[in-house]
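Okay, here's what each chain looks like letter by letter:
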Amino acid sequence: MFSRTLKSERGALYPIAIVFFLSALVLLSHSLVLYSIHYKAYDGLENKHRHATIQLLKEIEENTLPE
């Protein structure tokens, strides 16, 4: 029965469309996962940089206070 539907033009369109949409869905989900990973990495680096800047400012403030 499956081979009979592939012989007609209308029946052959459905498996091709399903494969196309599934591959597009896989590509989209893969791109979203990669974006999520990059976002987490850059966000972590930004947090580390912010904390390091705060620490440096505290050290500068402690060293420049008049005694």
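Right, let's walk through the structure included here.

So, how was this worked out
- Residues numbered from 1 in each chain as written.
- Predicted model: local features only at pLDDT ≥ 70, side-chain atom pairs only at ≥ 80, totals over all residues.
- Heavy atoms only, no water.
- Helix = DSSP H or I, 4+ residues; strand = E, 2+ residues; numbered from the N terminus.
- Areas by Shrake-Rupley, 256 points an atom, 1.4 Å probe, with all protein chains shown as cover.
- Phe/Tyr/Trp six-rings, centres within 6.5 Å; stacked < 30°, edge-to-face > 60°.
- Buried < 20%, exposed > 50% of the residue type's maximum accessible area, 1.4 Å probe, protein only.
- Patch = residues over 30% accessible without salt bridge, like charges linked within 9 Å, V, L, I, M, F, W, Y side chains within 5 Å.
- Salt bridge = Lys/Arg side-chain N within 4 Å of Asp/Glu carboxyl O.

Looking only at helices and strands, the protein chain features two helices and zero strands. Summed over its atoms, the accessible surface of the protein chain is roughly 6700 Å², and 69% of this surface lies on carbon and sulfur atoms.

Taken as a whole, this structure holds two aromatic pairs when the rule is applied. Between Phe-20 and Phe-21, the ring centres sit 5.3 Å apart and the planes meet at 65°, which makes this aromatic pair edge-to-face. The residues Phe-20 and Phe-21 share a single accessibility class, namely exposed. Between Tyr-35 and Tyr-39, the aromatic rings sit 6.4 Å apart at their centres with planes inclined by 25°, giving stacked as the arrangement. In this pair, Tyr-35 and Tyr-39 are both assigned in helix α2 (residues 9–64), four residues apart and thus about one turn of the helix distant. Here Tyr-35 falls in the exposed class, since its relative accessible area comes to 57%.

Below, the discussion takes up a nonpolar patch on the surface. Residues Ile-18, Leu-22 and Leu-25 make up a contiguous nonpolar surface patch of roughly 300 Å² in combined accessible area. Topologically, Leu-22 is positioned in helix α2. For Leu-22, a relative accessible area of 49% gives the class partly exposed.

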